[in-house]
Amino acid sequence: MSRIGKRPITVPPKVQVTLDNSKVVVKGPKGELSRELPVYVTVSQDGEILTVTRRDDSRISRQMHGLFRTLVANMVEGVSKGFERRLEIQGVGYRAQVQGRNLILNMGYSHQVQIAPPEGVQFAVENNTNVIVSGYDKEIVGNTAAKIRSVRPPEPYKGKGIRYAGEVVRRKAGKTGKSGKK
């Protein structure tokens, strides 16, 4: 039995879950999310507890069991609390700012990089070097943070660029000077 799949999901009081055959719709204070379920798993609700069960013990059913339990749990957590990813900008002259809803990045290019947020995602900037990407859909928040990081990923020699908060960048040694041959 899947250790992740058999764990029940508790639904907070302000969250409403609707089960429709193979579709799960979750509404909460932050927004609304829906997801189609494959035929391998079913979701049942008993009061404030959601349970994900699998159809049989085939390999694909076992794989889908833990995956869709986690996806449904992320939907419930997202519409109640929300998710956020933090990014740090390191480098001289590198900075970020929010203009309207868009994020403007000055990353050493000849132009500013402008990133528009997708539906349900907000940007915030602290101290011109810390970017916070927040929203209620974990997948979209993570993809947006990865898109921002890809503008200037951290390089291994000086460590300059955009990195996730807490990310460790392995540093390389630079070139050594010429030897004394003449």
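Here's a quick rundown of the structure.

Reading guide: rules and limits
Residues numbered from 1 in each chain as written. Predicted model: local features only at pLDDT ≥ 70, side-chain atom pairs only at ≥ 80, totals over all residues. Heavy atoms only, no water. Core = buried A, V, L, I, M, F, W, Y, C linked by side-chain atoms within 4.5 Å. Buried < 20%, exposed > 50% of the residue type's maximum accessible area, 1.4 Å probe, protein only. Helix = DSSP H or I, 4+ residues; strand = E, 2+ residues; numbered from the N terminus. Contact = heavy atoms within 4.5 Å. Pairing = 2+ DSSP bridges. Phe/Tyr/Trp six-rings, centres within 6.5 Å; stacked < 30°, edge-to-face > 60°. Lys NZ or Arg CZ within 6 Å of the ring centre and 35° of its normal. Polar contact = N/O pair within 3.5 Å; in protein donor to acceptor, adjacent residues only side chain to side chain. Axes fitted to C-alpha atoms, helices over the stretch in contact; angles between N-to-C directions. Expected span 1.5 Å × (residues − 1).

Details of the nonpolar core
Argument step 1. Within the largest apolar cluster, 20 residues are counted, with the highest numbers of intra-cluster contacts made by Ile9, Val17, Val24, Val26 and Leu50.
Argument step 2. Breaking this core down by element, the ones donating at least two residues are strand S3 (23-27), strand S5 (41-46), strand S6 (49-54) and helix H1 (59-80).
Argument step 3. Looking at which element gives the most residues to this core, the answer is H1, with seven residues.
Argument step 4. Once residues within four sequence positions are removed from consideration, Ile9 is found in contact with Glu48, Ile49, Leu50, Val52, Arg69, Val72, Ala73 and Val76.
Argument step 5. Within the second largest apolar cluster, 18 residues are counted, among which are Met107, Val113, Val133 and Ile148.

A closer look at the pairing of strand S4 (residues 32-36)
On a regular strand, each side chain points to the face opposite its neighbour's, so the side chains alternate between the two faces of the sheet.
Argument step 1. Pairing analysis gives five bridges linking S3 to S4, with the strands arranged antiparallel. Residue pairing for S4: Val25 is matched across the bridge by Ser34.

Points about the packing of aromatic side chains
Argument step 1. Evaluated as defined, the whole model comprises zero aromatic pairs.
Argument step 2. One residue, Arg85, lies across the ring of Tyr164, its end atom 4.4 Å from the ring centre.
Argument step 3. Arg152 extends its terminal NZ or CZ atom over the ring of Tyr109, reaching a point 4.4 Å from the ring centre.

Overview of the side chain of His65
Argument step 1. The residue His65 is located in helix H1 in this model.
Argument step 2. At 3.3 Å, the side chain of His65 forms a polar contact with the backbone oxygen of Gly5.
Argument step 3. Reaching out from His65, the side chain makes a polar contact with the backbone oxygen of Val52 at a distance of 2.8 Å.

Points about unusual backbone geometry
Argument step 1. A positive phi angle, close to 55°, is found at Asn127, a residue other than glycine.
Argument step 2. Along the chain, the position of Asn127 falls in the loop between strand S11 (121-126) and strand S12 (130-135).
Argument step 3. Residue classification places Asn127 among the exposed positions, given a relative accessible area of 66%.
Argument step 4. With a phi angle near 65°, Asn128 is a residue other than glycine that sits in the positive phi range.
Argument step 5. Tracing the sequence through the fold places Asn128 in the loop between S11 and S12.

Focus on the sheet that holds S12
Whenever strands of a sheet pair, they do so through backbone hydrogen bonds, lying parallel or antiparallel.
Argument step 1. Taken in spatial order, the four strands of this open sheet run S11-S12-S7-S13, and their pairing is antiparallel. On the outer flanks of this sheet lie S11 and strand S13 (161-164), each paired with one strand and no other. When strand polarity is set aside, the average angle formed by the axes of neighbouring strands in this sheet is 25°.
Argument step 2. With six bridges connecting them, strand S7 (residues 83-90) and S12 associate as antiparallel partners. Across the sheet, the residue bridging to Leu87 is Val131, located in S12.
Argument step 3. Across the sheet, helix H2 (residues 138-149) lies against S7, S11, S12 and S13, angled at about 10° from S7, the strand it touches most.

Focus: H1
Argument step 1. End to end, H1 covers 33 Å across 22 residues, agreeing with the expected 32 Å (1.5 Å per residue, within 8%).
Argument step 2. Positive phi appears at Gly82, one or two residues downstream of H1, with a value of about 90°.

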